[in-house]
Amino acid sequence: MRIKPSDEGNLINIRLEGLNLPKRVFIYDCTLRDGEQTPGVALTIKEKLTIAKQLAKLGVDTIEAGTPINSKDEKEAVYRIAKEIEGPTIAALARVLKPDIDACLDCQVDLIHVFVSTSDIHLKYQMKKTREEIMNMALEAVEYVKAHGVKCLFSAMDATRTELGYLIQVLKEAEKAGADSVNVPDTVGVMTPSSMRSLISDVRKNISVILDVHCHNDFGLAVANTIAGVEAGADEVQVTVNGIGERAGNAALEPVVIALSACYGIQMNIKPQYLMETSSLVEQYTGVPLSPCTPIVGRNAFAHESGIHVHPVLIKASTFEPISPEDVGQRRRIVLGKKSGRHSVKAALEELGIKDVGEKDLIEITTRIKDLAAKNKLVSDVDLVAIAEDVLSLKLYEPRVKLQELVVVTGVNVTPSATVKLLIDGVERIGQGIGVGPVDAAAKAIEEIVGPISRLKLKEFNLRALTGGTDSLASVTMTVEDALGNQFEAGAVHGDIVTSSVNALINALNKALHYQRLRGLEKGSKDLGHQE
Ligand code: MN
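Procedures and definitions
- Positions within a chain are numbered from 1, following the residues in the order the chain's sequence is written.
- For this predicted model, a pLDDT threshold of at least 70 governs which residues receive local features, and a threshold of 80 or more governs which side-chain atom pairs are given and counted, while totals over whole chains, interfaces and linings are taken from all residues.
- As a rule here, side-chain values cover all heavy atoms of the structure and leave hydrogens and water aside.
- In this text, buried Ala, Val, Leu, Ile, Met, Phe, Trp, Tyr and Cys residues form a nonpolar core when linked through side-chain atoms within 4.5 Å.
- Buried means the residue's accessible area, taken with a 1.4 Å probe over protein chains only, is under 20% of the maximum for its type, while exposed means over 50%, and partly exposed covers the values in between.
- By the convention used here, residues are in contact when the closest approach between their heavy atoms is within 4.5 Å.
- Helix and strand labels come from DSSP, where a helix needs a run of H or I of at least four residues and a strand needs a run of E of at least two; each type is numbered from the N terminus.
- Expected helix span is given by 1.5 Å per residue-to-residue step, counting one fewer step than there are residues.
- For every residue, the predictor assigns a confidence score, pLDDT, that lies between 0 and 100.

Q: Tell me what's going on with the nonpolar core, and back it up with residues and numbers.
A: The nonpolar side chains of soluble globular proteins are, as a tendency, buried together. Counting 96 residues, the largest nonpolar core has Ile27, Ile112, Val114 and Phe154 as the members making the most contacts within it. With near-sequence residues (within four places) excluded, Phe154 lies in contact with Val114, Val116, Ala138, Val142, Val170, Leu171, Ala174, Ala179, Ser181, Val182 and Asn183. Grouped together as the second largest cluster of nonpolar side chains are 49 residues, Ile334, Leu336, Ala441 and Ala442 included.

See below:
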């Protein structure tokens with residue numbers, strides 16, 4: 001991986017002398033383990049396999065797939081990831097207990113990550129054991145893993161609150177017992193970059209095997225502390241996609257790899273062009289939404305509000321972009337607002353492939369954008385397309401997907417099911433689905449035909465009765481978002497709530513497809529109607 005600062009930008013301007021930088025950093029991904037411990041997150045075996053496949057495509061060095069002792073399902077997931085995913089080392093987590101390690105061995109993973117608490121506070125209140133007892137348990141576990149010919153990573157849990165002499169002693173003994181790597185976790189996220197640099201320097205002097213750091217984000221310092229660990233010689237970093245994990249989460253993979261590459265020139269196996277799609281997949285499956293301001297992968301990470309920044313960005317992007325959005329699978333967004341000038345509007349139109357707009361039309365479009373912005377806070381590309389089409393009387397929009405027939409079966413003690421007949425580009429196709437309710441079943445039936453609905457996810461769904469009574473017209477509005485964060489609003493009204501919902505969904509789908517076509521992003525929708 002090599003992320004270069006964007007053209008003529010100069011990121012590598014920190015003083016690198018005096019740092020103990022490793023040549024190469026290994027990325028140890030914990031999304032499926034620590035990430036799955038995010039409150040409220042539960043992934044199915046199939047979802048875990050899909051994420052693992054994506055992580056392999058992204059180029060992480062190790063995937064920690066789970067804790068097999070936890071449940072039958074988790075064990076099955078780890079086993080299948082170990083069996084089916086090619087490329088990365090597949091790891092599983094175990095306490096320093098034989099049944100935990102045996103469960104990992106059953107999964108045939110490449111590496112077993114054994115951990116035990118070493119801080120006095122954990123020893124006293126959690127483990128109720130002495131330092132000597134803990135040391136013996138740790139060494140027995142490492143030896144047990146190694147006796148089975150499997151790679152072993154040893155973690156001293158709560159390392160950053162452990163007495164330094166004892167921490168180094170435990171890690172050294174673990175290395176002697178055969179551990180292939182040792183980890184210093186900041187389990188409760190109490191470090192700062194300078195304390196981390198000092199601690200890891202001390203540990204590094206005593207350890208020859210791979211040295212890991214695992215930082216939590218309780219004080220918002222997880223990424224900074226991870227980088228500080230690398231500055232002091234750590235050669236492996238434990239991270240999660242989108243920074244998910246217990247409590248405030250873990251160090252996020254995206255800013256860690258980009259900072260290591262762009263600011264330090266460190267080599268990694270990561271293919272950064274897949275960062276955005278990996279982030280979106282994890283966001284979708286875990287249901288943990290990203291803030292728009294999330295570094296690298298957030299919706300606003302490369303957005304420029306009109307005015308002072310837009311003009312220079314249009315002339316030379318590196319004036320206000322530290323790296324190029326395309327390098328991380330992102331795109332630039334020119335956000336139009338009430339201060340937008342014709343330059344911005346023209347540029348935004350051109351980005352959408354709408355060129356050669358006459359001066360009079362451009363003024364009209366700009367005026368209408370400003371009017372809309374005065375009412376709304378934000379004018380999206382989708383709004384711009386709608387306004388441009390109207391002003392220019394473009395007939396670009398022909399819905400590709402039309403609903404022909406819809407049959408739903410629902411009731412008490414019945415699994416809701418649906419059959420839909422769609423006309424896609426004039427070709428008739430039939431899909432079936434079951435769901436938690438009739439709307440869900442119909443959505444699944446549509447999904448069966450159009451693939452995962454062009455990778456759209458539902459952000460908002462509102463149902464409103466327009467008049468009183470059981471025969472009221474049902475108005476459905478929904479907002480869906482595509483993989484790049486573009487949002488599409490669509491609505492429909494019908495006497496039947498299922499029909500309104502399905503029509504709204506199809507309207508949203510058509511808008512998204514139309515938009516993709518305009519932007520030349522049709523790759524994702526060409527296979528429409530072909531099942532994977
Ligand atoms: Mn953790």
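There's plenty left to go through after this.
Q: Outline helix H1 (residues 45-58), supporting the account with residue identities and numerical values.
A: Taking 1.5 Å of rise per residue, the 14 residues of H1 would be expected to cover 20 Å, and the 20 Å separating its terminal C-alpha atoms lies within 8% of that figure. Those residues of H1 that fall on the buried side of the exposure criterion are Ile45, Glu47, Lys48, Leu49, Ile51, Ala52, Gln54, Leu55 and Leu58. Tucked inside the fold, the buried residues of H1 contact strand S1 (26-29), strand S2 (62-64), helix H2 (72-84), helix H9 (253-264) and helix H10 (275-286). Directly after H1, the chain includes Gly59, whose backbone phi takes a positive value near 100 degrees.

Q: Provide a residue-level description of the environment of Asn507, including the pertinent values.
A: Residue position: Asn507 is located in helix H16 (residues 497-518). On the basis of relative accessibility, which here comes to 32%, the residue Asn507 falls in the partly exposed class. In sequence terms Asn507 and Val436 are 71 residues apart; their C-alpha atoms lie 22 Å from each other.

Q: Go over the confidence of the model for the protein, please, and point to the residues and values.
A: For the protein, the average pLDDT comes to 88, and 92% of its residues sit at 70 or higher. This model gives residues 522-532 a pLDDT under 50, and the stretch forms 24 contacts once residues within four places in sequence are excluded.

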